[in-house]
Amino acid sequence: MSDKWYYARKLIAILIFIAALSMMGIATGKAWMILAYAGFFVAVVAGVIFIEHSKQRHFEIVPSDNVILRRMFGGIMLILALGLPILMTTRMNLFTLPQVSMWILLLASLGVTLVFIGAMAAAVYLINFVKDELIYKIIGYALIVIASALPGLVISFFDRTTTGIGSVYYILLVVVILSYSGINLFIKQE
């Protein structure tokens, strides 16, 4: 019975994840885009599950990892993580932006994204890979809290609506997933 409950919880978590990410379709102003985003994320999750299931090792250890392909996919995911905020900032009307040059807007978006990804990567490193001392874990978790507050703080200077701030966090949810997965694929060691 506990095995069935484990898979039920896993399925519920995946469905909530897909539903939350598909709400990004609201930002386009077209209701059918929610279904398009949902379809895209269902395909991505199904692909990830299929790849992970096919790589499970049951009885024998078979080295079948292509380092170049893995790093290429990791690099693509990192580029997508860096480019998504820029694309959303310039192409969608998610929040009110200041009247400045497009280059300044792009550089600011890229800078905030790089700081965010760097802080999250440093936090994961401190929590998981540094000596098993409590102070490093506390610093790592504090860094996550500070990095999580950064995007909302930056956008609140221009747009204090819940739609604007919420849109930033939807974008950053995808950025975190893409960057974390990309970094793991890029630096994964056997």
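**A word on the overall build of the protein**
(1) Moving on: A count of helical and extended segments in the protein gives 6 helices and 0 strands.
(2) Moving on: Ordered by position in the sequence, the α and β elements of the protein form the string α-α-α-α-α-α.
(3) Moving on: When burial is assessed residue by residue, the protein has 25% of its 190 residues classed as buried.
(4) Moving on: Look at the contacts in the protein between residues 6 or more apart in sequence, and 64% of them connect residues 24 or more apart.
(5) Moving on: Roughly 13200 Å² of accessible area belongs to the protein as shown, and the carbon and sulfur atoms make up 73% of that amount.

**Re the side chain of T113**
(1) Moving on: Topologically, T113 is positioned in helix α4 (residues 102-128).
(2) Moving on: Within the structure, T113 has its side chain in polar contact with the backbone oxygen of S109 (distance 2.7 Å).
(3) Moving on: Residues within four places of T113 in sequence aside, it is in contact with A81, L82, P85 and V175.

**Concerning the side chain of S156**
(1) Moving on: Turning to its location among the elements, S156 is positioned in helix α5 (residues 134-156).
(2) Moving on: There is a polar contact of 2.7 Å between the side chain of S156 and the backbone oxygen of L153.

**Some remarks on α5**
(1) Moving on: Over its 23 residues, α5 extends 33 Å from the first C-alpha to the last, a length consistent with the 33 Å expected when each residue adds 1.5 Å.
(2) Moving on: Where α5 bends most, the angle comes to about 25°, and this point is L150, followed within four residues by the proline P151.
(3) Moving on: Where the residues of α5 are buried, they touch α4 and α6 (162-187).

**Overview of the confidence of the model for the protein**
(1) Moving on: Per-residue pLDDT for the protein has a mean of 77; in total, 84% of the residues score no lower than 70.
(2) Moving on: Of all the helices and strands in the protein, helix α2 (residues 32-54) carries the lowest mean pLDDT, 75, while α5 carries the highest, 87.

**Examining the nonpolar core**
(1) Moving on: Ranked by size, the top nonpolar core spans 21 residues in total, and within it L84, F116 and V175 carry the most contacts.
(2) Moving on: Apart from residues no more than four positions distant in its own chain, V175 is found in contact with A81, L84, P85, T113, F116 and I117.

**Here we look at the environment of I138**
(1) Moving on: By the secondary structure assignment, I138 is in helix α5.
(2) Moving on: For I138, a relative accessible area of 47% puts it in the partly exposed group.

**Comments concerning the packing of helix α3 (residues 67-91) against α6**
(1) Moving on: Contact geometry for α3 and α6: axes closest at 7 Å, N-to-C directions at 160°. On the basis of their axis angle, the class for α3 and α6 is roughly antiparallel. The two elements α3 and α6 meet at a crossing, and its hand is left-handed. Between α3 and α6, the contacting residues are R70, R71, F73, G74, G75, M77, L78, L80, A81, L84, P85 and M88 on the first element and I171, V174, V175, L178, S179, S181, G182, I183, L185 and F186 on the second.
(2) Moving on: Its residues placed into classes, the contact of α3 with α6 shows 15 nonpolar, 5 polar and 2 charged.

**Observations concerning the packing of aromatic side chains**
(1) Moving on: By the definition in use, this model includes 1 aromatic pair.
(2) Moving on: Where Y125 meets F129, the ring centres are 6.3 Å apart and the plane angle is 35°; that geometry is what we call tilted.

**Describing α6**
(1) Moving on: Here α6 spans 37 Å end to end across 26 residues, near enough to the 38 Å set by a 1.5 Å rise per residue.
(2) Moving on: For α6, the set of buried residues is G164, S167, V168, I171, L172, V174, V175, L178, S179 and G182.

**Considering a nonpolar patch on the surface**
(1) Moving on: A surface patch of nonpolar side chains, about 460 Å² in accessible area, is lined by L69, M72, F73, I76 and L80.
(2) Moving on: Within the secondary structure layout, L80 lies in helix α3.

**Here we look at the packing of α4 against α5**
Angle between the axes and distance between the axes: these two values describe a pair of packed helices.
(1) Moving on: Direction vectors running N to C along α4 and α5 enclose 160°, while the axes themselves pass 8 Å from each other. Here α5 runs roughly antiparallel to α4, going by the angle between their axes. When the axes of α4 and α5 are compared, the crossing they make is left-handed. Contact with α4, carried on its side by V112, V115, F116, A119, M120, A122, A123, L126 and I127, involves Y136, K137, I139, G140, Y141, L143, I144, A147, S148, L150, P151 and V154 of α5 and no other residues of that element.

Basis of the calculations
- Residues numbered from 1 in each chain as written.
- Predicted model: local features only at pLDDT ≥ 70, side-chain atom pairs only at ≥ 80, totals over all residues.
- Heavy atoms only, no water.
- Helix = DSSP H or I, 4+ residues; strand = E, 2+ residues; numbered from the N terminus.
- Buried < 20%, exposed > 50% of the residue type's maximum accessible area, 1.4 Å probe, protein only.
- Contact = heavy atoms within 4.5 Å.
- Areas by Shrake-Rupley, 256 points an atom, 1.4 Å probe, with all protein chains shown as cover.
- Polar contact = N/O pair within 3.5 Å; in protein donor to acceptor, adjacent residues only side chain to side chain.
- Expected span 1.5 Å × (residues − 1).
- Bend = angle between axes of the 7 residues up to and from the residue.
- pLDDT = per-residue confidence, 0-100.
- Core = buried A, V, L, I, M, F, W, Y, C linked by side-chain atoms within 4.5 Å.
- Axes fitted to C-alpha atoms, helices over the stretch in contact; angles between N-to-C directions.
- Parallel < 35°, antiparallel > 145°, perpendicular 65-115°, else oblique.
- Left-handed = near helix turned anticlockwise from the far one by under 90°.
- Nonpolar A, V, L, I, M, F, W, Y, C, P; charged D, E, K, R; others polar.
- Phe/Tyr/Trp six-rings, centres within 6.5 Å; stacked < 30°, edge-to-face > 60°.
- Patch = residues over 30% accessible without salt bridge, like charges linked within 9 Å, V, L, I, M, F, W, Y side chains within 5 Å.
- Salt bridge = Lys/Arg side-chain N within 4 Å of Asp/Glu carboxyl O.

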